[in-house]
Protein chains: 2
Amino acid sequence: MKAVIIDEDGLQVKDVEKPQVEVGRAIVKISAAALNRRDQWIREGLYPKIELPVLPGSDGCGVVQEVGDEQDKKWLNKRVVINPNNDWGDNPNVQARSYHILGMPTKGTFAEYISVPVDRLVEAPKFLTDEEAGALPLGGVTAYNALMNKGQASADKKILISGVGGGVAQFAMQFAIAIGAQVWVTSSKQDVIDKCVEMGAKGGVSYKEHSEIVALSKSIKGFDTIIDSAGGEGIDTLLKSLAPNGRYVLYGATKGLPSTLNLRNIFWNQLAILGSTMGSDQDFVNMVQLVEKYQIKTIIDKVFPLERAVEAFDRIKNTKVFGKIVLRP
Amino acid sequence: MKAVIIDEDGLQVKDVEKPQVEVGRAIVKISAAALNRRDQWIREGLYPKIELPVLPGSDGCGVVQEVGDEQDKKWLNKRVVINPNNDWGDNPNVQARSYHILGMPTKGTFAEYISVPVDRLVEAPKFLTDEEAGALPLGGVTAYNALMNKGQASADKKILISGVGGGVAQFAMQFAIAIGAQVWVTSSKQDVIDKCVEMGAKGGVSYKEHSEIVALSKSIKGFDTIIDSAGGEGIDTLLKSLAPNGRYVLYGATKGLPSTLNLRNIFWNQLAILGSTMGSDQDFVNMVQLVEKYQIKTIIDKVFPLERAVEAFDRIKNTKVFGKIVLRP
């Protein structure tokens, strides 16, 4: 079968052996798989504990073609999305040490077929296309945990989603709007902000304009929840933009530490800084249910055939992208 | 009556007018009042929004001598502790903007008599002496909120109390031990650590020895909750010492920002950094109930007559003190 492989020679589409079905597992014929920054970071050697060769891909939708066990035959021919968690462990609040994400070291979704444990399968929401369903898993579950668990989002909350161009951020924005929260966004691109307002956001400002973020915050008496993955100088600005007892959720920190941070603001206003990453298996199920309940359509940037994976990977480096980049085998 | 006054001439004990009873209020004859660092900070001009002259004192125990309303006569001759919160507001999780602490701008407990709203009165636990009860309010409620609400302390938790010489820290240690948690402490003084171990702590290390804190943490697979008011370089060490999904509660930050901070540790291990200050009126009631349930005796350093207030204030600057410093009118 055709698959994307990252090895010493870089990223290529190669012919590899099709996986065989095993006990407790299913073979899924992939119809659509989506890129995450994680995939590009692995390509660039920037992810921890890379073991070459890698068959990347954490996101996928497909049809179950074979199952290893008689009792799992009910899954045959079902259209499914794949839960990208492996070995989350017993604590719903945090993953175990053995936890790993589908697509390194285990073989990922950027292939014609994948073998996964049957308990990783969840029926794909019927109203989503293959591309929309296939782009849901990793970003969706990460946004769900950050927004709903850590951020305690609800209809009465004022929520800021920073850097809304990112995959997780766009899901967080869509989920927050769907549940009836008042949502604002930051982006460096006015057309992205405009698109978010069309989708139901109250407004947005550039994340480069710290004083505008603070002014927006003052005009609404502070955000209850801020969802961020940049960190950097923005941390101080975003913490200043929280209402008393507000929640700042950090699911990444691409820009590092800020040079100043008002610690008195943190303790006097009883703020919470909450680290978040991925989400539990239950979060994954809850996220798919949320998507079904509110009929949330994944934002798609562009679809490539699997053979053009190099082009798709190059495109995710481009920060102007808004929406998920999808591969179709 | 005699009272401690801070004005342009500094701190003195002066004769001032005894307060008159008013509707909704009570006159309490103070039997014991305790110092907090806040009082010394006001003396040094280091507290926000100081309005001179100040009659300081947030902690006190006494007997109700007069009440303004017929319906409040049940309080007469009762031995009470005074809830130091004023105008907490409607949100149990965070104080309103109008919130202020007893003892500036309102007249505090370092006097023979005080006028307080009747709803600030809580019966003093019978098993406590006047000094022990009088030293409970501010430190007790601050420790309760930090440990029980923000820190989610319970019998199955491993908890580190940093800088255990502080008033809030000592209450947090006592409360955590009382509810059955495994408790460790940091202090720069071995005799303080020894005293804490006598009181039920599992052990302790110097907060200056960052590698020892990390080693201790590794030996017990990480702390579930850390209660800190120092901040500074210790923040990074303490965050590294948390178990996955651990809670770092900050109720002060005397040492400022750290020079480095592992942000990936925060989000990948889903850590929580929780600012905490004081506690709600309900927290105050819950705290007194906790003290009664577990018969927790306040640690007293030294008792001074009110006339020797200057000496008592000078003593709180001395970081070798372990236990509360009490004034008796």
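Please refer to the structure higher up on the page.
It should be emphasised that the depicted structure is a prediction, and the values quoted were computed from it without experimental measurement. (Residues numbered from 1 in each chain as written. Chains lettered and ligands numbered in written order. Predicted model: local features only at pLDDT ≥ 70, side-chain atom pairs only at ≥ 80, totals over all residues. Heavy atoms only, no water.)

**Student:** Please provide a residue-by-residue account of the packing of aromatic side chains, values included.
**Tutor:** Inspection of every chain in the model, using the stated rule, returns ten aromatic pairs over all chains. Residues Tyr99(A) and Trp268(B) carry aromatic rings whose centres are separated by 6.3 Å and whose planes lie at 50° to one another, so their mutual orientation is tilted. With one member in each of two chains, Tyr99(A) in the loop between β6 (85-86) and β7 (100-101) and Trp268(B) in helix α8 (residues 263-268) form a pair that bridges those chains. Since its relative accessible area comes to 7%, Tyr99(A) is described here as buried. Trp268(B) sits in the partly exposed class, given a relative accessible area of 22%. Ring geometry for Trp88(B) versus Tyr99(B): centroids 5.3 Å apart, planes at 80°, classification edge-to-face. Here Tyr99(B) lies in the loop between β6 (85-86) and β7 (100-101) and Trp88(B) lies in the loop between β6 and β7, a separation of eleven residues in the sequence. Like Trp88(B), the residue Tyr99(B) is buried in the burial classification. An aromatic cluster is built from Trp88(A), Tyr99(A) and Trp268(B), whose rings are joined through pairwise contacts. It is Arg38(B) that lies over the ring of Tyr47(B); its NZ or CZ is 4.6 Å from the centre. Over the ring of Trp268(B) we find Arg264(B), and its NZ or CZ is 5.2 Å from the ring centre. (Phe/Tyr/Trp six-rings, centres within 6.5 Å; stacked < 30°, edge-to-face > 60°. Helix = DSSP H or I, 4+ residues; strand = E, 2+ residues; numbered from the N terminus. Buried < 20%, exposed > 50% of the residue type's maximum accessible area, 1.4 Å probe, protein only. Lys NZ or Arg CZ within 6 Å of the ring centre and 35° of its normal.)

**Student:** I'd like to hear about the environment of Asn286(B), residue by residue, with values.
**Tutor:** Residues and elements named next belong to chain B. By the secondary structure assignment, Asn 286 is in helix α9 (residues 281-294). By relative accessible area, Asn 286 is classed as partly exposed at 21%. Distance from Asn 286 to Leu 11, taken between C-alpha atoms, is 34 Å for residues 275 residues apart in sequence.

**Student:** Tell me about the environment of Ala3(B), residues and numbers included.
**Tutor:** Residues and elements named next belong to chain B. In this structure, Ala 3 sits in strand β1 (residues 2-7). When the C-alpha positions of Ala 3 and Lys 14 are compared, they lie 5.5 Å apart, and in sequence the two are eleven residues distant. When neighbours within four sequence positions are excluded, Ala 3 is seen to be in contact with Gln 12, Val 13, Lys 14, Val 16, Leu 55, Phe 110, Ala 111 and Leu 306. (Contact = heavy atoms within 4.5 Å.)

**Student:** I'd like to hear about the sheet that holds strand β11 (residues 182-186) of chain B, residue by residue, with values.
**Tutor:** Read from one edge of the open sheet, twelve strands run β12(A)-β11(A)-β10(A)-β13(A)-β14(A)-β15(A)-β15(B)-β14(B)-β13(B)-β10(B)-β11(B)-β12(B), paired in mixed fashion. Two strands bound the open sheet, and with one partner strand each, they are β12 (203-205) of chain A together with β12 (203-205) of chain B. Each neighbouring strand pair of the sheet contributes to a mean axis angle of 20°, computed without reference to strand direction. For strand β14 (residues 242-250) of chain B and strand β15 (residues 272-275) of chain B, the ladder comprises four bridges, and the chain directions are parallel. (Pairing = 2+ DSSP bridges. Axes fitted to C-alpha atoms, helices over the stretch in contact; angles between N-to-C directions.)

**Student:** Describe in detail the environment of Asp283(A), supporting the description with residues and values.
**Tutor:** All names here are of chain A. By the secondary structure assignment, Asp 283 is in helix α9 (residues 281-294). For the pair Asp 283 and Asn 149, spaced 134 residues apart in sequence, the C-alpha to C-alpha distance is 8.9 Å. Here Asp 283 is in contact with Val 141, Tyr 144, Asn 145 and Asn 149, once residues within four sequence places are set aside. Here the side chain of Asp 283 touches Asn 149 through a polar contact of 2.9 Å, side chain to side chain. (Polar contact = N/O pair within 3.5 Å; in protein donor to acceptor, adjacent residues only side chain to side chain.)

**Student:** Residues and numbers for the relation of the copies chain B and chain A, please.
**Tutor:** Under the fitted operation, chain B is carried onto chain A by 0.0 Å of movement along the axis and a turn of 180°, and the coordinates agree to an RMSD of 0.0 Å. What we have between these two chains is a two-fold relation. Closest approach to the rotation axis among the C-alpha atoms of chain B is made by Ile273(B), whose C-alpha sits 2.4 Å away. Most of the interface of chain B is mirrored in chain A: 100% of its interface residues are interface residues there too. (Least-squares fit on C-alpha atoms with pLDDT ≥ 70 in both.)

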